[in-house]
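Next come the chains, spelled out residue by residue.
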Amino acid sequence: MNIKNITMSLPDIDESDIECVSDVIRSGRLALGPKTVEFEKLVAEYTGKQYGIAVNSGTAALHLIVRSLGIGKGNEVLVPSFTFAASVNAFLYESASPVFVDIESETYNLNTSDVEKKITPRTKAIMAVDVFGHPAEWDEISRIARNHNLLVIDDCCEAIGAEYKGHKIGAFGDAAAFAFYPNKQITTGEGGMIITDNDDIARLCRSMRNQGRGEMGAWLEHDRLGYNYRLDEMSATLGISQIERIETMLNKRDHVARMYTRKLKGYDWVRTPVVKQYVRMSWFVYVVTLSEGIDRDEIIRGMEKEGVPARGYFSPVHTQKYIREIFGDLSGTLPITESISKRTLALPFHNNLRKDEVDTVIEVLKHSVTKLA
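The residue numbering used here restarts from 1 in each chain and proceeds along that chain's sequence as written. Only residues with pLDDT of at least 70 get local features here, since the model is predicted, and only at 80 or more are side-chain atom pairs given and counted; chain-wide, interface and lining totals rely on the full set of residues. Note that water and hydrogens are dropped before the side-chain values are worked out from all heavy atoms of the structure.

**Student:** Looking at this structure, how should I read the overall build of the protein chain?
**Tutor:** When you go through the protein chain residue by residue, the secondary structure sums to 13 helices and 14 strands. The globule rule is 2.2 Å times the number of residues to the power 0.38, and the radius of gyration it is compared with is taken over C-alpha atoms. Its C-alpha atoms give the protein chain a radius of gyration of 21 Å, near enough to 21 Å, the size a compact globule of 373 residues would have. For the protein chain, the spread of C-alpha atoms along the three principal axes comes to 65 × 55 × 40 Å. To sort residues, take the accessible area from a 1.4 Å probe on protein chains only and compare it with the maximum for the residue type: under 20% means buried, over 50% means exposed, and anything in between is partly exposed. When burial is assessed residue by residue, the protein chain has 55% of its 373 residues classed as buried. Residue pairs at least 24 apart in sequence account for 70% of intrachain contacts in the protein chain once pairs closer than 6 positions are excluded. Reported accessibility uses the Shrake-Rupley method at a 1.4 Å probe radius. Residues are deemed covered only where the shown protein chains occlude them. Accessible surface computed for the protein chain: about 16100 Å², of which carbon and sulfur atoms make up 50%. In this description a helix means any DSSP run of H or I spanning at least four residues, a strand means any run of E spanning at least two, and both kinds are numbered starting from the N terminus. Whether two residues are in contact is decided by their heavy atoms, any of which lying within 4.5 Å being enough.

Structure (C-alpha cells):
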C-alpha cells in the first residue's frame, strides 16, 4: 500500500453531504437562513438541551459563553492546561485570570482534587474539558461548583456524542461548546455550537454572534458590543447532513480505536487510552502514552521519515510563549500535565482508516521505538 495516503485525519464526506451543500448554493440563501435554525434544533435535541446557538468556530462558542456569563477582569477561572489554547484564550479575551489546574493520570481530564485546592474568593467559574472525547468527572465537578457557588462551562469541543453515566455530553454545566472542524466527529468545515438551557445565555449569545443586534431590532441597530461569529448556511446544511449520520460516524471511530488498542496490547513501552466503564467515549483522536525515557519528539520524526504522520497532543498551555509573557514562568506547577504532555502521541485517526493502514502505522511506530532502544 501507499504510505503517503495515510493522513492524520480526514472528514467523512459522502454524496448526500455534497448534494445538500450544492442545493443551498443554488438557492441563493447563503446566510441567516433556515438551515442554521434547523441545525441548532437538531444539536440541541441530540444533547437534550433547550437551546443551540450556531457560530463559526468552537473558539467563538467558548468566547460568547464566557462573555454571556459576565466573566471578566478580577475573576479567576479554573481551567486545565492540558487542552487546546482556545479553552484559555476565551478567558483572556475578557481579561479574566486563568488558574491552571492539573490533570488526573488516567484519562487526562481535570483533577478535581486540584480544583478544590485552587478555589479562592476570586474564583468565579470552572471550565472542564472532555479531553480527546472522554467525559470529565461531572459528578465531582458539579458538586464542587454547587458547594462554592461557581459557574461551570463544558468545553466539549472534542466530545460530541460522548456520554457520562448515561447523559449526553453537552448537558452539563451552565453552557457547553461543541466544535465542528474537519478533524472532529462531525464537521461543518468551520463551525461551533453553544448549548444551554439558560434563556439569558441563549439570548445574549444570539445577539453577540450577530454584531450585537437585538432579536427584533433593525439591521443597523445594535444593542451591545458584538462580533461576526455567524455560521453560514452551507456549513449549517453540511452539519445537518452529518449529524443525521452521527451514530454511524461514532461507531466507525470506535471500530478504528478498538483496532489500535487490540494491536498495541502487550507492548510494555506504550499505554493505550483509558476509558472508564461508566462513560461512552466519543473518539476525537487516538492518543497513546509512551513510557518514560522514550523521546516522543524523536519518535515523531522517525515516523514522519517513513511517511507516517504523528503529533504530540497536547502542548500544555501554561508553557506556551504567550502565556509566559503574560504570567511568567509557570513550569513545575503542574507535574502530571508536564510529565504526560511529553509522552502523549496522536496516531493517524479517522472514520475510514483501514486495518492495513492501522497495521502500517503500528509497524512504523514499533520500528521508530526500536531504533531508539
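And the narrative resumes.
**Student:** What am I meant to see in the nonpolar core here?
**Tutor:** Nonpolar side chains in soluble globular proteins generally cluster together in the buried interior. One finds Phe132, Tyr260, Tyr286, Met303, Leu345, Leu347 and Leu365 to be the most contacted residues of the largest nonpolar core, which totals 43 residues. Contributing elements (two or more residues each) for this core: α9 (246-264), β12 (286-290), α10 (296-305), β14 (344-347) and α13 (355-372). Top element by residues in this core is α13. It accounts for six residues. In this structure, Tyr286 is in contact with Ala257, Tyr260, Thr261, Leu264, Thr272, Pro273, Leu345, Ala346, Leu347 and Phe349, ignoring residues within four places of it in sequence. Throughout this description, the term nonpolar core refers to a set of buried Ala, Val, Leu, Ile, Met, Phe, Trp, Tyr and Cys residues connected via side-chain atoms within 4.5 Å. Tyr46, Ile144, Ala162 and Phe178 belong to the second-largest nonpolar core, a separate cluster that totals 39 residues.

**Student:** Just checking my understanding: could you explain the sheet that holds strand β11 (residues 279-280) for this structure?
**Tutor:** Neighbouring strands of a sheet are bound in pairs by backbone hydrogen bonds; such pairs are parallel or else antiparallel. Read across the sheet, three strands follow the order β7-β6-β11 without closing on themselves; strand pairing throughout is antiparallel. Edge positions in the sheet fall to β7 (167-168) and β11, since each of these pairs with one other strand and no more. In the sheet, strand β6 (residues 163-164) pairs with β11 via two bridges, with the strands oriented antiparallel. Pairing of Glu163 across the sheet is with Arg280, part of β11. Strand pairing requires that DSSP identify at least two bridges connecting the strands.

**Student:** I tried to follow the confidence of the model for the protein chain on my own but got confused; where do I start?
**Tutor:** Parts of the model with low pLDDT should not have their predicted coordinates read in detail. Taken as a whole, the protein chain shows an average pLDDT of 97; of its residues, 99% reach a score of 70 or greater. Confidence, read as mean pLDDT per element, is least for α13 in the protein chain (96) and greatest for strand β5 (residues 151-155) (99). pLDDT measures the predictor's confidence residue by residue and takes values from 0 up to 100.

**Student:** What should I look at first to understand the packing of aromatic side chains in this one?
**Tutor:** A ring pair, where both rings are aromatic, is described by two values, the distance of the centres and the angle of the planes. Here the aromatic set is Phe, Tyr and Trp, taking the six-membered ring for Trp, and pairing holds for ring centres within 6.5 Å; pairs whose planes are under 30 degrees apart are stacked, those over 60 apart are edge-to-face, and all others are tilted. Enumeration over the complete set of coordinates arrives at 16 aromatic pairs. Between the aromatic rings of Phe82 and Tyr108, the centroid separation amounts to 5.8 Å while the plane-to-plane angle is 75°, which identifies the pairing as edge-to-face. Of this pair, Phe82 sits in the loop between β2 (76-80) and α4 (86-92) while Tyr108 sits in the loop between β3 (97-101) and α5 (112-117), and the two are 26 residues apart along the sequence. The same class applies to Phe82 as to Tyr108, namely buried. The interplanar angle of 85° and the centroid separation of 5.5 Å between the aromatic rings of Phe82 and Phe314 together place this pair among those described as edge-to-face. With a gap of 232 residues between them, Phe82 in the loop between β2 and α4 and Phe314 in the loop between β13 (311-312) and α11 (321-327) connect regions that are remote in the sequence.

**Student:** Would you take a moment to explain α9 for this structure?
**Tutor:** An α-helix turns once per 3.6 residues; consequently, residues spaced three or four apart project the same way. To estimate the expected span of a helix, subtract one from its residue number and multiply by 1.5 Å. Taking 1.5 Å of rise per residue, 19 residues should cover 27 Å, and α9 covers 27 Å from first to last C-alpha, within 8% of that figure. Residues of α9 that are buried include every one of Ile246, Met249, Leu250, Arg253, Val256, Ala257, Met259, Tyr260 and Leu264, and no others.

**Student:** So what exactly am I meant to see when it comes to the packing of helix α2 (residues 34-47) against helix α8 (residues 233-243) here?
**Tutor:** Geometrically, a packed helix pair is captured by the angle between its two axes and the distance between the axes. Think of each axis as a best-fit line through the C-alpha atoms, taken over the contacting stretch in the case of a helix, with angles from 0 to 180 degrees between the N-to-C directions. Viewed as axis vectors pointing N to C, α2 and α8 meet at an angle of 35°, and their least axial separation amounts to 8 Å. Considering the relative orientation of α2 and α8, their crossing is left-handed. Between α2 and α8, the contacting residues are Pro34, Lys35, Thr36, Glu38, Phe39, Leu42, Val43 and Tyr46 on the first element and Glu233, Ala236, Thr237, Gly239, Ile240 and Ile243 on the second. Here the contact of α2 with α8 is built from residues that sort into eight nonpolar, three polar and three charged. Working rule for handedness: look at the near helix, and if it is turned counterclockwise from the far one by less than a right angle, call the crossing left-handed; if clockwise, right-handed. Note on residue categories: nonpolar means Ala, Val, Leu, Ile, Met, Phe, Trp, Tyr, Cys or Pro, charged means Asp, Glu, Lys or Arg, and polar means any other residue, Gly included.

**Student:** Can you walk me through empty space enclosed by the protein in this structure?
**Tutor:** Gaps between atoms show up when a probe of the same size as a water molecule is rolled over them. Only protein atoms enter the 1 Å grid used here, on which a cavity is any set of points holding a 1.4 Å probe that cannot leave and a pocket is any open set flanked by protein within 12 Å on both sides along at least five of seven lines; residues with an atom within 4 Å of a point are listed as lining. Grid points are joined across faces, edges and corners, and a volume is the space filled by probe spheres set on the points. This model, assessed by the stated rule, comprises two cavities of 30 Å³ or more. As a volume, the largest cavity reaches approximately 120 Å³. Taken together, 15 residues make up the lining of the largest cavity; nearest its centre are Thr107, Phe132, Pro273, Val274 and Val287. One number sums up the size of the second largest cavity: a volume of about 40 Å³. Residue lining of the second largest cavity: Leu10, Pro11, Asp12, Pro182, Lys184, Gln185, Ile186, Thr187, Gln242, Met249, Arg253 and Asn351, and that is the complete set. Among the residues forming the lining of the second largest cavity, the class breakdown is five nonpolar, four polar and three charged.

**Student:** What is the right way to read the pairing of strand β9 (residues 192-196) from this model?
**Tutor:** Summarising burial for β9: five of the five residues are buried, a large majority. Neither face of β9 is open: one carries Gly192, Ile194 and Thr196, the other Met193 and Ile195, and all of them are buried. Bridge analysis of strand β8 (residues 175-179) against β9 gives four bridges, and the strand direction is antiparallel. Bridged to Ala179 within β9 is Gly192.

**Student:** Would you mind showing me how to read the pattern of salt bridges here?
**Tutor:** Here, a salt bridge means any Lys or Arg side-chain nitrogen found within 4 Å of an Asp or Glu carboxyl oxygen. A complete count under the given rule lists 29 salt bridges for this structure. A salt bridge links Arg245 to Asp17, with the shortest nitrogen-to-oxygen separation between them at 2.9 Å. In this pair, Arg245 sits in the loop between α8 and α9 while Asp17 sits in helix α1 (residues 15-27), placing the two residues 228 residues apart along the sequence. This pair shows no difference in class: Arg245 is buried, exactly as Asp17 is.

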